[in-house]
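Reading the structure
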Amino acid sequence: TPAAAPPDACPICQRPNFHPSDHHLIPKSRKGKVTETICRDCHRAIHATFTNKELEREYNTVETLLAHEAFARMVVFIARQDPGGKVRMPPAKHWNNRKRYG
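I will try to describe carefully the structure that is included in this document. In this text the structure is predicted, and so the values were computed from the model without any measurement.

1. Notes on the packing of aromatic side chains
For the structure shown, the criterion picks out two aromatic pairs. Judged by centre distance (4.5 Å) and plane angle (35 degrees), the rings of Phe 50 and Tyr 59 are tilted. By relative accessible area, which is 0% here, Phe 50 ends up buried. Taken together, a centroid distance of 5.7 Å and an interplanar angle of 55 degrees make the contact between Phe 50 and Phe 71 tilted. Highlighted residues: Phe 50 in the loop between helix H1 (40–49) and helix H2 (52–57) and Phe 71 in helix H4 (residues 69–79), separated in sequence by 21 residues. Residue classification places Phe 71 among the buried residues on the basis of a relative accessible area of 0%. Ring pairs connect the aromatic residues Phe 50, Tyr 59 and Phe 71, which therefore count as one cluster.

As structure tokens, then:
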């Protein structure tokens, strides 16, 4: 039998999306309804970097997420990892030197 086609790429890290996760661009807690299907690792990185208030107000598109310098560095790291595995990331403060809820 022919091999299955690889899954679509994650719109953030561009790796094959073996572990899809629906991310609410504006958090559900802030009445968001629109989702983007991204990989599990990028989803975890988003929530490790941004508060729900920041996601609602400033980082509610793939483009604005990638424009954030510390998050973009995290994505470069994720993109080099095995898409079938689970990325271990340092705490958020390592990436952007600020308190998460500050």
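2. Some points on the packing of H1 against H4
Interhelical geometry of H1 versus H4 gives an angle of 155 degrees and a closest axis separation of 11 Å. On the basis of their axis angle, the class for H1 and H4 is roughly antiparallel. Between H1 and H4 the crossing geometry is right-handed. Contacts between H1 and H4 involve Asp 41, Cys 42, Ala 45, Ile 46 and Thr 49 on the former and, on the latter, Phe 71, Met 74 and Ile 78. Classifying every residue of the contact of H1 with H4 gives six nonpolar, one polar and one charged.

Cut-off values and rules
Residues numbered from 1 in each chain as written. Predicted model: local features only at pLDDT ≥ 70, side-chain atom pairs only at ≥ 80, totals over all residues. Heavy atoms only, no water. Phe/Tyr/Trp six-rings, centres within 6.5 Å; stacked < 30°, edge-to-face > 60°. Buried < 20%, exposed > 50% of the residue type's maximum accessible area, 1.4 Å probe, protein only. Helix = DSSP H or I, 4+ residues; strand = E, 2+ residues; numbered from the N terminus. Axes fitted to C-alpha atoms, helices over the stretch in contact; angles between N-to-C directions. Parallel < 35°, antiparallel > 145°, perpendicular 65-115°, else oblique. Left-handed = near helix turned anticlockwise from the far one by under 90°. Contact = heavy atoms within 4.5 Å. Nonpolar A, V, L, I, M, F, W, Y, C, P; charged D, E, K, R; others polar.

In short, shape yes, function no, at least from these values alone.
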